[in-house]
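Analysis of the macromolecular model
Read off the chains here:
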Amino acid sequence: MDRKLLLIILDGVPWRNWRRLFGNLEGWVAAGEAQRWKMRSVPPSTSASCYASIHTGVTPQEHGCTGNGNVFRLRQPDVFSELRKAGKVTGAVAHSFWSELFNRSPFDYVRDIEYDEPDSATINHGRFHSMTGYGHANQMTPSDVDLHATLTNLCLKHGLDYGLLHSCTLDSMGHRFYHDCQEMDHACFVADEMLAPFIPKWRAAGYDVIVTADHGQDARGHHGGTCDLHQEFALYYFGAAQGPDMDETLHQLQLAPTILNRLGVPIPATMKAPPFL
Ligand SMILES: [Zn+2]
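Attention in this report is confined to the structure presented alongside it.

Rules used in this analysis
Residues numbered from 1 in each chain as written. Predicted model: local features only at pLDDT ≥ 70, side-chain atom pairs only at ≥ 80, totals over all residues. Heavy atoms only, no water. Salt bridge = Lys/Arg side-chain N within 4 Å of Asp/Glu carboxyl O. Helix = DSSP H or I, 4+ residues; strand = E, 2+ residues; numbered from the N terminus. Contact = heavy atoms within 4.5 Å. Pairing = 2+ DSSP bridges. Axes fitted to C-alpha atoms, helices over the stretch in contact; angles between N-to-C directions. Phe/Tyr/Trp six-rings, centres within 6.5 Å; stacked < 30°, edge-to-face > 60°. Lys NZ or Arg CZ within 6 Å of the ring centre and 35° of its normal.

With that settled, the discussion passes to the pattern of salt bridges. Side-chain pairing between opposite charges can occur once the charged atoms of the two side chains come close. All chains considered together, the criterion is met by 14 salt bridges. R104 is paired through a salt bridge with E117; the nearest N and O atoms lie 2.8 Å apart. Taken together, the residues R104 in the loop between α6 (96-102) and α7 (109-112) and E117 in the loop between β4 (114-116) and β5 (125-129) connect sequence positions 13 residues apart. For E114, the salt bridge is made with R127, and the minimal N-O distance between the two is 3.9 Å. Separated by 13 residues along the polypeptide, E114 in strand β4 and R127 in strand β5 bring together distant segments of the chain. Through salt bridges with shared partners, a single ionic network connects K38, R40, D228 and E232.

All right, on to the environment of M131 then. On the secondary structure map, M131 appears in the loop between β5 and α8 (144-158). Considered as a pair, M131 and D146 are 15 residues apart in the sequence and their alpha carbons are 15 Å apart. Ignoring any residue separated from it by four or fewer positions in sequence, one finds M131 in contact with H95, Q139, M140, T141, C168 and S172.

To continue, consider the sheet that holds strand β6 (residues 162-167). Reading across from one edge, β4-β5-β3-β6-β1-β7-β8-β2-β9 is the order of the nine strands in this open sheet, with mixed pairing throughout. Looking at which strands have only one partner, the edges of the open sheet turn out to be β4 and β9 (249-251). Strand-to-strand, the axes of this sheet are offset by a mean angle of 15°, without reference to chain direction. Inspection of the sheet shows strand β1 (residues 4-10) paired to strand β7 (residues 207-212) by six bridges, in the parallel sense. Looking at β7, one finds that L7 is bridged to I210. Contacting β1, β2 (35-40), β6, β7, β8 (232-238) and β9, helix α13 (residues 255-262) crosses the sheet at an angle of about 155° to β1.

Scanning the model with the defined rule gives 12 aromatic pairs in all. Taking the centre distance of 4.6 Å and the plane angle of 40° together, the rings of W18 and F22 count as tilted. Through a chain of ring-to-ring contacts, three or more aromatic side chains come together here, namely Y51, F80, W98, F102 and Y162. Lying across the ring of Y115, R104 places its NZ or CZ 4.8 Å from the centre. Sitting over the face of the ring of F198, K201 holds its NZ or CZ atom 5.4 Å from the ring centroid.

See the structure below:
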């Protein structure tokens, strides 16, 4: 049977918040229904640089996306392009940077906000949001449950073999309120509670599910550098494959080849990190 996989990325959630505040995910680990590891991001631990590395499996020093102000269509093979070569159907519900990095740039608000392109060489079904106007007092983020529902809608309507979901809610909350506060505790609690009902549904529909972050955040809501709070986050895996001992720390560059390997698609020579499943 052809395997299918959904990658859920909650932007900017440090290791300590996953373990402490995501009770549903941790409950499934305790029950033996999920495996969880610590993963370390590439430097710089900046969002766009990490998105590019998550899907290409190469470092920012190689792909050249040095930060959020330098987003362009990448040249390297990536998860979407390799799945398409194998005839798989792909989808993304994400910030518009993902469309720019992996499909076309610059982002055209009308053309690229929503597209269904069966012949695309990368993303077949895209649903994007730009967060234009984002700032300290106005997050401009969609509700996470709307994003989860949109991904589920794409899976049902278009039979996705691979779907990416990316939410900026918690990264924005961390920049706004920092981490030792009731607002952040509650935001993580809500994110866990909104995500949880979808996981059994996606599993029942035949999907492996990976839940992780692009990078962490420190006590002042900052990231981009090389300290543990910036670079370390959790990765939860729901599926039949077996990973290494849960004490092992994974590297972000392992994610792209792991996804392709799990979906039975050849790993391009540019992705040099070993798969972890
Ligand atoms: Zn980020």
